[in-house]
Each structure stands twice: as C-alpha cells, then as structure tokens.
Amino acid sequence: MDNDQQSKESTDLSDLVSEDGKNSKSVLCQRCGCKVLCPGMAVFAEKELFLPSMRKKSGLSTTEGSVDGDIVTAHWFVDDMYTFENVGFTNDVGRIKYLICADCEIGPIGWHCLDDKKCFYVAVERVNHA
C-alpha cells in the first residue's frame, strides 16, 4: 500500500470512528442502502479475517478448491446480534456464519464464529457510512 492510499484510509477512519472508538455514522449496505447499524452501536476493531468475495447469497457456498476473497482487517465489532438494525446470516460454513444484508442478500459484509456467541464483525470496507 502506498503512502497516499494509507493516509487516505486513516483520514477516512478518523471520520468514521468517534473519540470513544465507536462508529460515528450509520453503517449501510453498499448495494441497497439498508441500515445495518445505527451510530454508536459498534466498536472499531482490527482483526485479520478472511471474507469470500462479495456476491448474492446463492453464490456463497463451499465448493471444491479455493474460494476467492480478501483478508480484511478493519471491522465494526458488535457483541450482541440484536444490536443490528438489519442483518442476515448465511448457513454454516464450517464453524462460521457470514453476515449479509437482510434486504438484498449481498455479502458477505461480515463474519461470526459459532464458537463465540458474542463476536460479530462487519468489514468497514464492505459497507457505506452516512
């Protein structure tokens, strides 16, 4: 990553993260604009997680071979699934459920491990903010 992109990313994050480390803006679906989280409901967290490439729910399945995707590090962390305004979950993929938009089913926008009932991560780069 070059310095211009890195400084742009840190500037964007400072606009999105409040002084207490929470989201200062609403978190919205990139495709349909559905509200996923209200301001102040999630905490910014850095954790390396693999998310498959964005696609409609029907395309999110495990197939033989590798899955296209990205290692994502910037997330909104939520510890209770009822904090979300509107989110859906995929069927289990191993010990993981991926978070998707409940309205248009695009995703995955986030990640949840079934081993920890209080850990939900929404990738900052896979949602819009307003």
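The present account deals with the structure reproduced in this document. (Residues numbered from 1 in each chain as written. Predicted model: local features only at pLDDT ≥ 70, side-chain atom pairs only at ≥ 80, totals over all residues. Heavy atoms only, no water.)

1. Let's talk about a nonpolar patch on the surface
Nonpolar side chains collect at one region of the surface, where Phe50, Val67 and Ile71 lie side by side and expose about 250 Å² of accessible area between them. In this structure, Phe50 sits in strand β3 (residues 43–52). (Patch = residues over 30% accessible without salt bridge, like charges linked within 9 Å, V, L, I, M, F, W, Y side chains within 5 Å. Areas by Shrake-Rupley, 256 points an atom, 1.4 Å probe, with all protein chains shown as cover. Salt bridge = Lys/Arg side-chain N within 4 Å of Asp/Glu carboxyl O. Helix = DSSP H or I, 4+ residues; strand = E, 2+ residues; numbered from the N terminus.)

2. Some points on the side chain of His75
By the secondary structure assignment, His75 is in strand β5 (residues 69–78). Residue classification places His75 among the buried positions, given a relative accessible area of 1%. A distance of 3.1 Å separates a polar side-chain atom of His75 from the backbone oxygen of Val72. Ignoring sequence-local partners within four residues, the contact set of His75 consists of Val43, Phe44, Ala45, Lys47, Leu49, Tyr121, Val122, Ala123 and Val124. (Buried < 20%, exposed > 50% of the residue type's maximum accessible area, 1.4 Å probe, protein only. Polar contact = N/O pair within 3.5 Å; in protein donor to acceptor, adjacent residues only side chain to side chain. Contact = heavy atoms within 4.5 Å.)

3. What about the nonpolar core?
Residues Val27, Leu37, Trp76, Phe84 and Val122 are the most contacted members of the largest nonpolar core, which totals 15 residues. Only β2 (35–37), β5 and β10 (120–123) provide two or more residues apiece to this core. Judged by nonpolar contacts, the second largest core, of 11 residues, contains Ile96, Trp111, Cys113 and Ala123. (Core = buried A, V, L, I, M, F, W, Y, C linked by side-chain atoms within 4.5 Å.)

4. Examining the sheet that holds strand β6 (residues 88–89)
Across a sheet, paired strands are connected by hydrogen bonds in the backbone, their directions being either parallel or antiparallel. In spatial order, the strands read β3-β5-β10-β9-β7-β6; together these 6 strands make up an open sheet with antiparallel pairing. Each edge of the open sheet carries a strand with a single partner, namely β3 and β6. The pairing of β3 with β5 spans 8 bridges and is classified as antiparallel. Across the sheet, residue Phe44 finds its bridge partner in β5, namely Trp76. (Pairing = 2+ DSSP bridges.)

5. Re the packing of aromatic side chains
Applying the stated criterion across every chain yields a total of 5 aromatic pairs. Between the aromatic rings of Phe89 and Phe120, the centroid separation amounts to 6.1 Å while the plane-to-plane angle is 65°, which identifies the pairing as edge-to-face. One end of the pair, Phe89, is in strand β6; the other, Phe120, is in strand β10, and 31 residues separate them in sequence. For Phe89, a relative accessible area of 27% translates into the label partly exposed. Measuring from ring centre to ring centre gives 6.0 Å for Trp111 and Tyr121, while their planes differ by 55°; the resulting arrangement is tilted. Linking Trp111 in strand β9 (residues 110–113) with Tyr121 in strand β10, this pair joins segments that are 10 residues apart in sequence. Trp111 sits in the buried class, given a relative accessible area of 12%. Note on Tyr121: relative accessible area 8%, which makes it buried. (Phe/Tyr/Trp six-rings, centres within 6.5 Å; stacked < 30°, edge-to-face > 60°.)

6. Some points on the sheet that holds β2
Judged by pairing direction, the sheet is antiparallel, and its 3 strands sit side by side in the order β2-β1-β11 without closing on themselves. The outermost strands of the open sheet, each flanked by one partner alone, are β2 and β11 (127–129). Neighbouring strand axes in the sheet, compared pairwise and without regard to direction, differ in orientation by 45° on average. When strand β1 (residues 27–29) meets β2, the two strands line up antiparallel, connected through 2 bridges. When the sheet's bridge partners are listed, Val27 is paired in β2 with Leu37. (Axes fitted to C-alpha atoms, helices over the stretch in contact; angles between N-to-C directions.)

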